[in-house]
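Results of the structural survey
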Amino acid sequence: MQQAILRRVRTTSVPLCVFSTRPYYAAQQPTVSTDGGQSIQRLGVALFGLGRIGWIHCGNVIANPRLNLCWIIEENIPLAQQFTAAQKATTTKVIKAEEMAQAIEDPKVDFVIVATPTKTHSAIVTSSLRAKKAVFCEKPVASSVVEIQACYDQAEIIGKPLFCAFQRRFDPNMGSIRQRILDGAIGKVHMIKTCSRDGQLPSSEYVRGSGGIFQDSTVHDIDMVCWLAGEAPSTVHATGHAFVPYIRDAGDVDTVAVTLKFPSGVIGIIDQSRHAVYGYDQRLEVFGDKGMLVAENMRPTTTLHLDGSGMHADCIEESFPTRYSRAYQRELNHFADVVEGKAELLHQRKDAILAMQVADACAESNRQGQVIPFHA
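Conventions adopted
- Residues numbered from 1 in each chain as written.
- Predicted model: local features only at pLDDT ≥ 70, side-chain atom pairs only at ≥ 80, totals over all residues.
- Heavy atoms only, no water.
- Helix = DSSP H or I, 4+ residues; strand = E, 2+ residues; numbered from the N terminus.
- Contact = heavy atoms within 4.5 Å.
- Axes fitted to C-alpha atoms, helices over the stretch in contact; angles between N-to-C directions.
- Parallel < 35°, antiparallel > 145°, perpendicular 65-115°, else oblique.
- Nonpolar A, V, L, I, M, F, W, Y, C, P; charged D, E, K, R; others polar.
- Buried < 20%, exposed > 50% of the residue type's maximum accessible area, 1.4 Å probe, protein only.
- Lys, Arg positive; Asp, Glu negative; His and termini not counted.
- Salt bridge = Lys/Arg side-chain N within 4 Å of Asp/Glu carboxyl O.
- Polar contact = N/O pair within 3.5 Å; in protein donor to acceptor, adjacent residues only side chain to side chain.
- Core = buried A, V, L, I, M, F, W, Y, C linked by side-chain atoms within 4.5 Å.

1. Topic: the environment of Val207
Tracing the sequence through the fold places Val207 in helix α8 (residues 204-209). Residues Val207 and Tyr246, spaced 39 residues apart in sequence, show a C-alpha to C-alpha distance of 8.7 Å. What Val207 contacts, discounting residues up to four positions off in sequence, is Pro202, Tyr246, Ile247, Ala250 and Asp252.

As structure tokens, then:
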């Protein structure tokens, strides 16, 4: 069964130059020295999957002075070996899924990171928990609400933390908006709007295995809107269309509009597309009776060039690795704090289940073409 778990892990080669120049990648060291010269033992990590998101987490683990990347479990062994060699991660062992027991049973491993396709999550999560490892899992924890609940049940039985990684909660801009709402800066919230448009179209292979746009992508905005509203919605309405032929052929849509109505009266609006030619469009607006909070798009620099033809600026960030680079680092440090007993999980069981339930309701609303009553 272990071999089957990662059989469908992406094996498409990712160029080593994609992120290797980012400042948060550094050579790995086994320990961290304090000012007194004493060594502090790092938390051991085993990482499953070296696809798009696994690549990001792997580099951040290597660069983090609190962590030691002990294992990479990846079907594309040459890719993983290239990566570890480039990052001088000489102590990291690379194995296939059929050998995963070596990693999760290693006493030096404190937690695992699951960054494989969604359909493999449940088996990896439960196996790791049974081996008494804490688990950091990319969203969603599993393919269905029932499976997600079973994973969290297992975590509670074992007594180890299970974290569903919605990185946007750790973005400084989003966090600032959340805190200002709690501080009453804009009074009673009336409306929350998110705009989320990808700068690059996903591959047809990715779309076919994604679980659909609502589970794969809209779920990020759902989690954000519900977090900011502080409650679950009472009704859900979603409508979408496929403008891209291969997305239509996969039975999915690429452009959606979602309206969430909350018991308090708050209205949540999600505007989403799989492709924006001008970059990775990530905006958030929260309107209240005493003002408004806005998080704008980010650019590589703030430089403005003014000349006879007008005003020119850098394009917005192209994709999620650069736009949310700080968020990925912060969520990893947060989980390290949780494993060390220094913090409580910011994203908990109820949050992971709610996001998936609302995503499923969105998919059903789009199929039916009508408003869906929602009961958490």
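2. Let's talk about the packing of helix α5 (residues 118-130) against helix α6 (residues 145-158)
A pair of packed helices is captured by two measures, namely the crossing angle of their axes and the spacing between those axes. For the pair α5 and α6, interaxial distance at closest approach is 9 Å and the crossing angle is 10°. By the angle between their directions, the pair α5 and α6 is classed as roughly parallel. Here Ser122, Val125, Thr126, Leu129 and Arg130 of α5 lie close against α6, whose contacting residues are Glu147, Cys151, Gln154, Ala155 and Ile158. Split by residue class, the contact of α5 with α6 holds 5 nonpolar, 3 polar and 2 charged.

3. With respect to the side chain of Glu138
When you line up the elements, Glu138 lands in strand β7 (residues 134-138). One buried charged side chain, Glu138, makes no salt bridge at all; its nearest oppositely charged neighbour is Lys139, positioned 6.0 Å away. Looking at Glu138, its side chain comes within polar contact range of the side chain of His57, at 2.7 Å. Excluding residues within four positions of it along the chain, Glu138 makes contact with Ile53, His57, Val114, Ala115, His121, Ala165 and Glu331.

4. Quick look at the nonpolar core
The biggest cluster of nonpolar side chains holds 105 residues, and the ones touching the most others in it are Ile73, Phe111, Leu162, Ile192, Phe214, Leu228 and Val286. Not counting residues within four places of it along the chain, the set of residues in contact with Leu228 comprises Ile177, Arg178, Ile181, Ile192, Leu284 and Val286.

5. As for the environment of Asn333
For Asn333, the location among the structural elements is in helix α12 (residues 325-339). For Asn333, a relative accessible area of 29% gives the class partly exposed. For Asn333, the residues in contact, after removing those within four places along its chain, are Asn64 and Arg66.

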